[in-house]
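Secondary and tertiary structure notes
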Amino acid sequence: MDSIVVTGGNRLNGVIPISGAKNATLPLMIASLLSSEPLILENVPHLADVESLVRILTNHGVDYRVEGKRKQPNGCDGRTIHFSADDIVDTTAPYELVSKMRASFWVIGPLLARMHEATVSLPGGCAIGQRPVDLFIDSLAALGADIKVENGYVIANAPGGLVGATYAFPKVSVGATHVALMAATLAKGTTVLENAAREPEVTDLANCLVGMGARISGIGTSTLTIEGVEELYGYRHRVLPDRIETGTYAMAVAMTGGDVFLKGAEPGLLQSALDTLVEAGVTIEPKNDGIRVARNGAALKPVNVSTDPYPGFPTDLQAQFMGLMTMADGVSDIQETIFENRFMHVQELARLGANISVDGNTATVTGVKTLTGAEVMATDLRASVSLVIAGLVAEGKTTVSRVYHLDRGFERLEEKLSRCGAVIERVSG
Ligand code: EPZ
């Protein structure tokens, strides 16, 4: 298994191109199941999760074609991929495919809406909490689906098609919002989704669905109103920039010091995280085509954060921010409110010399003067990258194993960082 070896000590200086967002790409790819005409997605990142989802979609009968190499406006090499679900040949998503990635469960929405049936294995994904599927089941049942769970599969049927309804999510869920939104586009009549997730990836999906012919109002708010239509059409859509990748590199620069331009990043997608970095003493300068991040000499100030649904501080940046706070000049409290088991990086950061104690859903980080390289591993994507961030300043070598987690969500991580001066390499074996 590959590992990433980081030798700490260098500042980061230069330009990092920001890729298309993983968490927008996945639901957008799944939306291709809603139409018999092709959905063309631009700026699709090269990621293991994208490849996994391609396998799932092709199993349903989706054809896909990658356009030849094109220069991207931000210097990234995001691909343009055509997804064509002209003929859906299979409405079952089997365990061996779905268990690798939770988002693959989301095919249940479009399959049910267009084919009136879906049998989808209960999902897998990062082990960051219990991650039930009750909100998916309840919202689809509200749209008239008959749903049962048997032998590890969710079996959903709506013989006469889905019917619009009002459904209020008891808890904000990104995935359940994506699914209910996709399902409602082809339901008969009007659906109102209340307490819907407002994450930019939901907005990106909604905008793409509108381009495909869906009638959706309230986009970007917590109440989405969808007037069902008979069918959706082909469309060409550009995936929005990855706000979590943006925030991760911003925190890496904050950690090492230096001056980096995050090309193609959109500050409005992660304002709360950028505000937090400013509080920590980092210079953040939004520009027309990206964000400049710099820290020159000044000490990092400790800042307390609590994760929250958008527009709050994203849970997907919590581990990275904790990595940063391990070197702050004082004590910070980091509260995780979205997932109940998202502190797995704590004991690995401790191996590098961090001083962190956990009480329930709050981690208290007491900044230290130095971190020291060690062998570490992580069991989820964002936790892994927090170890890379810490490794960038740790004295000596930090070896992060289980790199497949990083490959799920960070495109060319070691190349992007080494171009800015980091000493980082992938070691096979
Ligand atoms: C999405 O996961 C993201 N994944 C996650 O990013 C992200 O951490 C999360 O949203 C929160 O922002 C993708 O977009 C592919 P949720 P999702 O449903 O949709 C509970 C990453 O690293 N819940 O918003 O699975 C759930 O247990 C990943 O890129 C229920 O209780 O998250 C959690 O506590 C990790 N019942 C909360 O809601 C349900 O039926 C929010 O989860 C569904 C969810």
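Let me begin by describing the structure that accompanies this report. From a predicted model like this one, the values you see are computed outputs, not experimental measurements.

We now examine the overall build of the protein chain. Within the protein chain, the regular secondary structure consists of 14 helices and 24 strands. Its C-alpha atoms give the protein chain a radius of gyration of 21 Å, within 12% of the compact-globule value 22 Å for 429 residues. If you line up the protein chain on its principal axes, its C-alpha atoms span 65 × 50 × 40 Å. Once local pairs closer than 6 in sequence are excluded, the contacts in the protein chain between residues at least 24 apart make up 75%. With an accessible surface of roughly 15900 Å², the protein chain has 48% of that area assigned to carbon and sulfur atoms. Side-chain charges in the protein chain split into 36 positive and 48 negative, and the spacing between the mean points of these groups amounts to 6 Å.

We now examine the site of the ligand. Around the ligand, the structure places 23 residues, and the nearest of them are Asp134, Ser173, Asp316, Ile338 and Arg382. Arg342 is positioned with one of its side-chain polar atoms (N or O) 3.3 Å from an oxygen atom of the ligand. Its free accessible area being 820 Å², the ligand has 93% of it covered by the protein chains. Of all the secondary-structure elements, those providing two or more residues to the shell around the ligand are helix H1 (22-31), helix H5 (134-142), helix H6 (174-185) and helix H12 (381-391). At 3 residues, the largest contribution of residues to the shell around the ligand is made by H5. Partitioned by chemical class, the residues of the shell around the ligand number 11 nonpolar, 4 polar and 8 charged. Counting residues domain by domain, the shell around the ligand receives three or more from each of domain 1 (3-18 + 241-427) and domain 2 (22-238).

Along the polypeptide, Gly78 turns up in the loop between strand E4 (63-66) and strand E5 (79-84). In this structure the C-alpha to C-alpha distance between Gly78 and Gly213, which are 135 residues apart in sequence, comes to 25 Å.

The biggest cluster of nonpolar side chains holds 79 residues, and the ones touching the most others in it are Leu33, Phe105, Val107, Ile108, Leu162, Leu181 and Leu209. In terms of residues, this core owes the most to one element, H6, which gives 7 residues. In this view, Leu33 contacts Leu57, His60, Val62, Ala85, Ile88, Val107, Pro110, Leu111 and Arg114; residues no more than four positions away in its chain are not counted. One finds Tyr249, Leu270, Ala354 and Ala394 within the second-largest nonpolar core, a separate group that totals 67 residues.

Let's shift gears to the sheet that holds strand E10 (residues 166-168). Taking strand neighbours across the sheet as the criterion, the 4 strands line up as E10-E11-E13-E12 in an open arrangement whose pairing is mixed. Only two strands of the sheet have a single partner each, and these edge strands are E10 and strand E12 (215-217). Mean inter-strand twist for the sheet, computed between neighbouring axes without regard to direction, equals 15°. In the sheet, E10 pairs with strand E11 (residues 190-194) via 3 bridges, with the strands oriented parallel.

In this section: the side chain of Arg79. Looking at where Arg79 falls in the secondary structure, it is placed in strand E5. Relative accessible area serves as the criterion here: at 16%, Arg79 is assigned to the buried category. A polar side-chain atom of Arg79 sits 3.3 Å from a polar atom in the side chain of Glu51.

The subject of this paragraph is the pairing of strand E9 (residues 153-157). In the sheet, strand E7 (residues 117-121) pairs with E9 via 5 bridges, with the strands oriented antiparallel. In the sheet register, Ser121 faces E9, and the bridge partner there is Tyr153. Here strand E8 (residues 146-150) pairs with E9 via 5 bridges, running antiparallel. Its bridge partner being in E9, Lys148 is matched across the sheet by Ile155. What sits between E8 and E9 in their antiparallel hairpin is a turn of 2 residues, with Asn151 showing a positive phi close to 50°.

Extensive coverage of helix H4 (residues 108-115) is indicated by the burial of 6 of its 8 residues. Taken together, the buried positions of H4 are occupied by Ile108, Gly109, Pro110, Leu111, Leu112 and Ala113. Those residues of H4 hidden inside the fold are in contact with H1, helix H2 (48-60), E7, H5, E9 and H6. Positive phi shows up at His116, right after H4, with a value of about 70°.

What follows is about the sheet that holds E5. The strand order across the open sheet formed by 4 strands is E4-E5-E3-E14, and the pairing between neighbours is mixed. The open sheet terminates on both sides in strands that have one partner only, identified here as E4 and strand E14 (235-238). Direction aside, the axes of adjacent strands within the sheet are offset by 20° on average. Of the pairings in the sheet, the one linking strand E3 (residues 39-44) to E14 comprises 4 bridges and is parallel in character. Paired with Glu42 across the strands is Arg238, a residue of E14. Contacting E3, E4 and E5, H2 crosses the sheet at an angle of about 20° to E5. On top of the sheet, helix H7 (residues 200-211) reaches E3 and E14; it is set at about 155° to E14, its chief contact.

The rules behind these values
Counting restarts for each chain: residues are numbered from 1 in the order of the written sequence. Residue-level local features of this predicted model are given only where pLDDT is at least 70; pairs of side-chain atoms are given and counted only at 80 or more, and the full residue set underlies all totals for whole chains, interfaces and linings. Derived side-chain values reflect all non-hydrogen atoms in the structure, with water molecules and hydrogen atoms excluded from consideration. Secondary structure is summarised from DSSP: a helix means a run of H or I of at least four residues, a strand means a run of E of at least two, and numbering begins at the N terminus for each. Here the globule rule reads 2.2 Å times residues to the power 0.38, and the radius of gyration is calculated from C-alpha atoms. Whether two residues touch is decided by their heavy atoms; if any such pair falls within 4.5 Å, the residues are in contact. All accessible areas in this document rest on Shrake-Rupley with a 1.4 Å probe, and a residue is counted as covered only by the protein chains that are shown. Counting rule applied: Lys, Arg positive; Asp, Glu negative; His and chain ends not counted. To locate a charge, take atom NZ for lysine, CZ for arginine, CG for aspartate or CD for glutamate. Throughout this document, a residue counts as near a molecule or strand when at least one of its heavy atoms sits within 4 Å of that molecule or strand. We define a polar contact as two N or O atoms separated by no more than 3.5 Å, with the added condition that, inside protein, one atom must be a possible hydrogen donor and the other a possible acceptor, whereas residues neighbouring each other in sequence contribute only through side-chain atom pairs. Throughout this entry, Asp, Glu, Lys and Arg are counted as charged residues, while Ala, Val, Leu, Ile, Met, Phe, Trp, Tyr, Cys and Pro are counted as nonpolar. The remaining residues, Gly among them, count as polar. Note: domain ranges come from an automatic or database domain assignment. For our purposes a nonpolar core is just a set of buried Ala, Val, Leu, Ile, Met, Phe, Trp, Tyr and Cys residues, chained together by side-chain atoms within 4.5 Å. With a 1.4 Å probe rolled over the protein chains alone, any residue whose accessible area is under 20% of its type maximum counts as buried; one over 50% counts as exposed, and the rest are partly exposed. For two strands to be treated as a pair, DSSP must find at least two bridges joining them. Throughout, an axis means a line fitted to C-alpha atoms (over the contacting stretch in the case of helices), and angles, computed between N-to-C directions, take values from 0 to 180 degrees.

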